[in-house]
Amino acid sequence: MRGKLTLLAGVCASAFAVPAYAQDAEEDTASTEIIVTAQRNNQRLQDVPIAVSAFNTEALEKQQIKNTSDLQLSLPNVTFTKTNFTGSSFTIRGIGDLCVGVTCDQATAIHMNDAPLFATRLFEGEFYDLAQIEVLRGPQGTLFGRNATSGVINIRSARPNLTGVSANAELEYGNYNHVKAKGMVNLPLGDIAAVRVAGFYLNRDGYTKNIFDNSQIDDRDMWGMRGSIRLEPGSGTTVDLVVQYFHEKDSRLRIQKQMCQRDPTGVLGCLNGKNQFQVTNANTTLASVLTSREFFAMQGIPTAFALGSLYGADVYSWPGAANPADSRTVNTDYPPYYLAEEWIVQGAIEQDLGGGLSLRVQGNWQDTSVDAGQDYNLSVQNRANYLPGLTALNTAGTTGIPGLPVSYFAPVRNALIPNGPGNVICTSLSEETNTGAYGGHRICSMTPQDFDRSNAYQSSWTAEAIISSKWDGPFNFLLGGIYGKAHLEESSYYVNAFGLDYAAGILGAFNALGRAPLAGIGATPPPPGFLGSPFYRNHSDDFRLESYGLFGELNYKLTDTLKITAGLRYNHDKKAFSARNTFANSLVPFGSTDMFNSPYIYGFAVTGAPTSSYLQPFDADSSTNCTITGTTASGTLTAANSTGCELFASSNVTFNEMTGRFVVDWNVTPDNLLYFSYSRGYKSGGINPPIPSIFNVPSTFSPEFVNAFEIGSKNSFANGKIILNVTAFYYDYKDLQLSRIVARTSVNDNVGAEIYGLEAEAILRPADGLTLNFGASYLHTEVSQDKLLSNPRDFGAGRADAVIIKDITNSSNCAVASNTGNVAGVNAFVNGVNNLINAGVVTGNAGAGLQPTTAFPSGSGINSTGAFSVCAALAAGAAGAFIPAGLDPAALGGVTVYTSGIPTNIKGNKLPGAPDYKFSAGIQYEVPVGDLTVTPRADFIYTGKSHGNIFNGAINEIPSYTQVNAQLQIDGPDKKWFARVWVQNLFDKDSITGLYVTDQSSGNYTNIFTLEPRRYGLTAGIKF
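Residues numbered from 1 in each chain as written. Predicted model: local features only at pLDDT ≥ 70, side-chain atom pairs only at ≥ 80, totals over all residues. Heavy atoms only, no water.

Caption draft 1: Structural detail: unusual backbone geometry. Cis geometry is adopted by the peptide bond preceding Ser533, which originates at Gly532 and carries an omega value of -5°. Structurally, Ser533 can be placed in the loop between β25 (529–532) and β26 (536–557). Phi at Asn719 takes a positive value of approximately 55°, unusual for a residue other than glycine. Relative to the assigned elements, Asn719 resides in the loop between β35 (704–717) and β36 (722–742). Although it is not a glycine, Asp988 adopts a positive phi angle of roughly 55°. (Helix = DSSP H or I, 4+ residues; strand = E, 2+ residues; numbered from the N terminus.)

Caption draft 2: Just the sheet that holds strand β18 (residues 329–330), in detail. Ordered in space as β14-β13-β18, the 3 strands form an open sheet in which the pairing is mixed. The open sheet is flanked by β14 (215–217) and β18, the only strands paired with a single partner. Across 2 bridges, the pairing between strand β13 (residues 208–210) and β18 is parallel. Among the inter-strand pairings, Asn210 is bridged to a residue of β18, identified as Val330. (Pairing = 2+ DSSP bridges.)

Caption draft 3: Molecular detail of the sheet that holds strand β54 (residues 1006–1010). Strand order in the open sheet formed by 3 strands is β17-β54-β53, with antiparallel pairing between adjacent strands. The open sheet is flanked by β17 (257–259) and β53 (992–997), the only strands paired with a single partner. Geometrically, the sheet is characterised by an average inter-axis angle of 30° between neighbouring strands, direction not taken into account. Examined bridge by bridge, β53 and β54 share 5 bridges and lie antiparallel to one another. Note that in β54 the partner of Leu995 across the bridge is Ile1008. (Axes fitted to C-alpha atoms, helices over the stretch in contact; angles between N-to-C directions.)

Caption draft 4: Structural context of empty space enclosed by the protein. If you walk through the whole model with that rule in mind, you get 18 cavities of 30 Å³ or more. What the second largest cavity holds in volume is close to 480 Å³. If you go around the second largest cavity, you meet 33 residues; those closest to its centre are Lys82, Arg220, Arg252, Thr1010 and Glu1012. Sorting the residues of the lining of the second largest cavity by element identifies α2 (68–71), β4 (78–82), β11 (178–189), β12 (193–204), β15 (220–231) and β54 as the ones contributing at least two each. When its residues are assigned to classes, the lining of the second largest cavity shows 9 nonpolar, 10 polar and 14 charged. (1 Å grid on protein atoms, 1.4 Å probe; cavity = no way out; pocket = protein on both sides within 12 Å on 5 of 7 lines; lining within 4 Å. Points joined across faces, edges and corners; volume = space filled by probe spheres on them. Nonpolar A, V, L, I, M, F, W, Y, C, P; charged D, E, K, R; others polar.)

Caption draft 5: Local environment of the nonpolar core. Counting 95 residues, the largest nonpolar core has Phe305, Phe409, Tyr502, Ile805, Val816 and Ile837 as the members making the most contacts within it. When residues of this core are assigned to their parent elements, the largest contribution, 10 residues, is made by helix α7 (residues 498–514). Not counting residues within four places of it along the chain, the set of residues in contact with Phe409 comprises Phe305, Leu393, Ala396, Gly397, Leu404, Ala509, Phe510 and Leu513. Membership of the second largest hydrophobic core comes to 24 residues, among which are Tyr128, Leu545, Val653 and Phe655. (Core = buried A, V, L, I, M, F, W, Y, C linked by side-chain atoms within 4.5 Å. Buried < 20%, exposed > 50% of the residue type's maximum accessible area, 1.4 Å probe, protein only. Contact = heavy atoms within 4.5 Å.)

Caption draft 6: Representation of the pairing of β15 within the structure. Note that β12 and β15 share 12 bridges and pair antiparallel. When the sheet's bridge partners are listed, Ala194 is paired in β15 with Arg230. With 10 bridges joining them, β15 and strand β16 (residues 237–250) adopt antiparallel strand pairing. Opposite Gly224, over in β16, you have Phe246 as the bridge partner. With antiparallel pairing between neighbouring strands as the criterion, β15 and β16 make up a hairpin whose turn holds 5 residues, including Gly236 at a positive phi of roughly 85°.

Caption draft 7: Summary view of the packing of helix α5 (residues 387–397) against helix α6 (residues 406–416). For the pair α5 and α6, the least separation of the axes is 7 Å and the interaxial angle reads 125°. When the interaxial angle is binned, α5 and α6 end up oblique. The chirality of how α5 crosses α6 is left-handed. Contact residues: α5 offers Leu393, Asn394, Ala396 and Gly397, while α6 offers Val406, Phe409, Ala410, Val412 and Arg413. Grouping the constituent residues of the contact of α5 with α6 by class yields 6 nonpolar, 2 polar and 1 charged. (Parallel < 35°, antiparallel > 145°, perpendicular 65-115°, else oblique. Left-handed = near helix turned anticlockwise from the far one by under 90°.)

Caption draft 8: Fine view of the pattern of salt bridges. All chains considered together, the criterion is met by 34 salt bridges. The closest approach of N and O atoms between Arg1015 and Glu1012, which form a salt bridge, is 3.7 Å. Taken together, the salt bridges that share partners define one network made up of Glu61, Glu170, Lys182 and Arg980. (Salt bridge = Lys/Arg side-chain N within 4 Å of Asp/Glu carboxyl O.)

Caption draft 9: Representation of the packing of aromatic side chains in the model. Counted according to the given criterion, the structure contains 32 aromatic pairs. Seen from their ring centres, Phe305 and Phe510 are 5.7 Å apart, and the 75° between their planes marks the pair as edge-to-face. Here Phe305 is found in the loop between α4 (293–299) and β18, whereas its partner Phe510 is found in helix α7, with 205 residues between them in sequence. Across the pair, Phe510 and Phe305 agree in class, each one buried. Centre to centre, the rings of Tyr548 and Tyr570 are 6.3 Å apart; their planes meet at 40°, and the pair counts as tilted. Pair noted here: Tyr548 is in strand β26 and Tyr570 is in strand β27 (residues 562–582), with a separation of 22 residues, a long-range link. You can call Tyr548 partly exposed: its relative accessible area is 30%. Accessibility expressed as a relative area gives 25% for Tyr570, which makes it partly exposed. Over the aromatic face of Phe729 sits the side chain of Arg93, whose NZ or CZ is 4.1 Å from the ring centroid. (Phe/Tyr/Trp six-rings, centres within 6.5 Å; stacked < 30°, edge-to-face > 60°. Lys NZ or Arg CZ within 6 Å of the ring centre and 35° of its normal.)

Caption draft 10: Focus on helix α9 (residues 871–878). Judged by how many residues are buried, α9 sits mostly within the fold: 6 of 8 residues are covered. Regarding α9, the residues found buried are Cys871, Ala872, Ala873, Leu874, Ala876 and Gly877. At its buried positions, α9 is contacted by β40 (802–807), β41 (813–818), α8 (823–839), β43 (865–869) and β44 (895–898). A positive backbone phi angle near 90° is found at Gly880, which sits one or two residues after α9.

The following block contains the structure:
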């Protein structure tokens, strides 16, 4: 093709990209139009009544679209962000992967060569040797294999060419010692076959400075290869085979930065006013709570073993824990790592059946894995705070303490401080036996460690067949079916911390010491042991998806210019899921090689008093469906067996639904198209992870449906010199799937939503070689039904007559509120219950030292007061199980304890990841200079503000951002070689694309995800 590139990054619901308009304005431009297969047929982009954007190889290079993050910048109403657990989300028209969990379907379906991919790692790598990328906006299902509610990203690899030998290579160098190489070789094999091999390699230094050791982290070291074979054994027969591999091993940060408005009270960790570059108050975390003086005293454990006080200095309140006020600077004593691998094998046969009919049969096999870890709090703990407690452990585990046998503490001491309290401190590694440091799986350093790990291993395959017609008459059809299976064999999220290991060891020792034989458990006291697992693990050990769909479309030309299209799809999805949450579930004897072999499931309530039921012993959460009752010498005790008391879920669900679409399109003239469409989208429901029943979370969530209406116009004027596309759309969502954090676990709810918007794009070619493109979009999203959910940042829901509680038995929060608006009364009630806890009346052991309620600071965004207490004890007091002296709840007008926080109505709130405005503009000018062509180009992109979660508010707002890219390219004669200087993010903006609020037991801090910093470099390439 001898025309020049005109790039069009699709805006409007009928967005498009147009490469290669002819240099001569009078030349017929029809041959240079982009051809897309959005309707499973080769069609001019401007003739397709679907919201589709398309980019060929040259278009991707001209606009510096090198990876998925770059792709979203120029697309209207499309955003992309990495997410918290090695995942990512493509959001189209306000709908992305708002559902979090292994049983969630993707809202935006990702396809490669028309075949659907599951949990792909394509978003980690770079684009190379592609024929085209198509982005379809709006519900899809009657044309593509997997159903999708927001849209489809279809990546098409370049196929072997039988007509001749060809090759290309390019080398790129830039700042951060960025080195990238790409290449391709195409070889015909006789007259009927050809092979094509392509690959890329990328290596660069880290974008982020770590002030702990002055290292550069968040680097890249990755490569990928693709081999393709095409056979054309006879007329009308084409066979394709594609094998692709991707590998990454580097220090990529899953989370770019953490932000927090520090809470001096420790009840929340981070406040609700604004995001700042401060550190979390560690006293709110699970590790600090379970090793605190207050909790140990309440359990009857000598407070000399405590690592600190909930009211004292926390381990992050020292200069060494500083959170630098820069998005590209962190302070971490745990080096991040990122490992990813993916195999994709595809085969397809296309056969001309004659009579205008064709058949395509294709299969896809995929195997993916990812394993990543980094500092959980991106900060450094002050070990000086731990010295008194470590000294007590060292003494108990060496010379002994009167009344405490050395044999119960020596294994704890040897596992955690093998060389004494002043030397290295050891923390459990994330591993599958759940024994951690007590099983010899540990990491030791001079600073206490806290880190997480996210891993997943999944395989899948699909088989699809489509028969379609291409008749000259008014009627044509497409009929297809797809069957697929996916198996997730491992997906775990771990949180490891020295404080958790310490709690597991000390509480385990006193558990074993305090237990007598218990009916149903055994005839002898338990041996010395620790509480396993000594780290938090959310483990999905088996997820299986079986899915099939039958789909088809009919289209009929009523006249030469008016056509109607109708399509239907039948969807069947069957899901089987098993998962468990573990932390401190079992008393595991020392020397055990697997936590689950332990017969001792005691939790960490060590008191024998009947009131021990207030202590919520299992995974730090109460669970009444797994308990048995036995008798000890000191009273009634709740315990459980090993199969019942870990938080475990195993469930199957099946969904069967019909969806479809209807389109009317009218060619007003050969260059002007109007269309109207209605489509019904569907995404199957799923299964929530195991959550204690007290949090009132449904075990499953419902399918998601959308009724989508769209009207659009595609126009070409002045012989192609002006192109203008506009679209308006309206979506009515039923049971939209939304995620939130409950009890350290992501769970999903359903809610109704309404979305509407406008999209427009223009291309102008006012002079030969000069091209200007403009795009703009507006988006309105909102929750359309009443839905009551508690905001994890503010469990008091803005009420002054509420007290937010940090539960010292499990580090979760609850809220206590007056039923009559009695501010003084509800505070007095909490203080009265705390006095009873301190006296040992409620929990059996005196001396907890819980303090009265306290106000949060000005500007906190919290109107309630806060306190450390025990939620179960407060609930019992509110129900009249005991009455604090002179504080009868009834006399105070009544109080209510909200285990999951006081709910607020989210109706009217905006959906996450849905910017209100987007705008893009680009200009390029091709200048002939002898046999050369010089092309300068600049692009400006603006993305409006959005919100990071459904609770909205200023603290959850993602600011608007701009990006400017520029380049200058020189092409040699016949474009056989080129050289390009380029810059991305010219003004070095720290643009935030998404945020994630962590669990309350971690402190409610905010993880943010950003675009890359300013990058510049030189690229040169050749082809023949």
